[in-house]
Amino acid sequence: MEKIVRQLNWIYYSQMVIALIVLTAMYYAFSKALYEPLDTMSSLGQAVQYIVIIDALITIPLGLYLIKWFKPQTSEKYFKLAAARILLVSNTMPIGIFAFYWMGGYKSMLWVAAIAAIAWYFTKPTLGKAEAEMTPKDPNEETY
């Protein structure tokens, strides 16, 4: 199980590296005026906002509850589901950062990226979390 957690940590931290690369590239392009910022009230600007927000509304809850829905029985299935959880939850970070700079510093997109970053934090793979998610739950156990 330790090997699986280590592999999941590589995926986990690679998502942050991707977000930092997008942040650095877009900040550089924005500060050097290498592109024309998108108007937030234009049709394209509103479409981009809808895409980023709908992506966050779908992928973050789906990713966070993925393992609870499928209840993995084997370590291979757990690895696949945990990797999918990390990728689903964290995909909105770079998209939101990109949209933030593309729209000339539109703060709503930065908030969406921040929400994804907070959700991404809860997907951090640990040995205790992996063992807790792999143990079958007793249906007769009281939950109060």
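Note that the structure is a prediction, hence the values are computed from the model and not measured. (Residues numbered from 1 in each chain as written. Predicted model: local features only at pLDDT ≥ 70, side-chain atom pairs only at ≥ 80, totals over all residues. Heavy atoms only, no water.)

Tell me what's going on with helix 4 (residues 92-102), and back it up with residues and numbers.
For helix 4, a buried count of eight out of eleven residues is recorded, marking the element as mostly surrounded by other parts of the structure. Along helix 4, the residues that are buried comprise T92, M93, P94, G96, I97, A99, F100 and Y101. Taken together, the buried residues of helix 4 touch helix 1 (2-31), helix 2 (43-70), helix 3 (75-90) and helix 5 (107-121). Phi for G104, located one or two positions after helix 4, is positive at around 75°. (Buried < 20%, exposed > 50% of the residue type's maximum accessible area, 1.4 Å probe, protein only. Helix = DSSP H or I, 4+ residues; strand = E, 2+ residues; numbered from the N terminus. Contact = heavy atoms within 4.5 Å.)

For the confidence of the model for the protein chain, give the residues involved together with the corresponding values.
Chain-level statistics for the protein chain give a pLDDT mean of 91 and a share of 95% at 70 or above. Ranking the helices and strands of the protein chain by mean pLDDT puts helix 4 first, with 96, and helix 6 (residues 127-134) last, with 87. (pLDDT = per-residue confidence, 0-100.)

How would you sum up the packing of aromatic side chains? Please name residues and give values.
The description of two aromatic rings rests on the distance between their centres and on the angle between their planes. Counting across every chain of the model gives nine aromatic pairs. Here Y12 and W120 contribute two aromatic rings whose centre-to-centre distance is 4.1 Å and whose plane-to-plane angle is 5°, an arrangement assigned as stacked. Taken as a pair, Y12 in helix 1 and W120 in helix 5 lie far apart in primary sequence, 108 residues in all. Comparing Y12 with W120 shows no difference in burial state: the two are buried. With a centroid separation of 6.3 Å and an interplanar angle of 70°, the aromatic rings of Y27 and Y101 are classed as edge-to-face. Of this pair, Y27 sits in helix 1 while Y101 sits in helix 4; the two residues are 74 residues apart in sequence, bridging distant segments of the chain. One aromatic cluster in this structure is built from Y27, F30, Y35, F100 and Y101. (Phe/Tyr/Trp six-rings, centres within 6.5 Å; stacked < 30°, edge-to-face > 60°.)

I'd like a rundown of a nonpolar patch on the surface, residues and numbers included.
A contiguous nonpolar patch, built from Y50, I53, I54, L57, I58, L62, Y65, W69 and F70 and spanning about 960 Å² of accessible area, is present on the exposed surface. You can see F70 is positioned in helix 2. (Patch = residues over 30% accessible without salt bridge, like charges linked within 9 Å, V, L, I, M, F, W, Y side chains within 5 Å. Areas by Shrake-Rupley, 256 points an atom, 1.4 Å probe, with all protein chains shown as cover. Salt bridge = Lys/Arg side-chain N within 4 Å of Asp/Glu carboxyl O.)

Explain helix 3 to me, and be specific about the residues and the numbers.
Between its first and last C-alpha, helix 3 extends 22 Å over 16 residues, near the 22 Å set by a 1.5 Å rise per residue. Looking only at helix 3, the buried set comprises Y78, L81, A82, A83, R85, I86, V89 and S90. On its buried side, helix 3 packs onto helix 1, helix 2, helix 4, helix 5 and helix 6. (Expected span 1.5 Å × (residues − 1).)

Tell me about unusual backbone geometry, residues and numbers included.
For residues that are not glycine, phi is negative in most cases, and the peptide bond is trans in most cases. Backbone geometry at A33 places phi at a positive 55°, although glycine is not the residue there. For A33, the location among the structural elements is in the loop between helix 1 and helix 2. Here K71, not a glycine, exhibits a phi torsion of approximately 45°, which is positive. When you line up the elements, K71 lands in the loop between helix 2 and helix 3.

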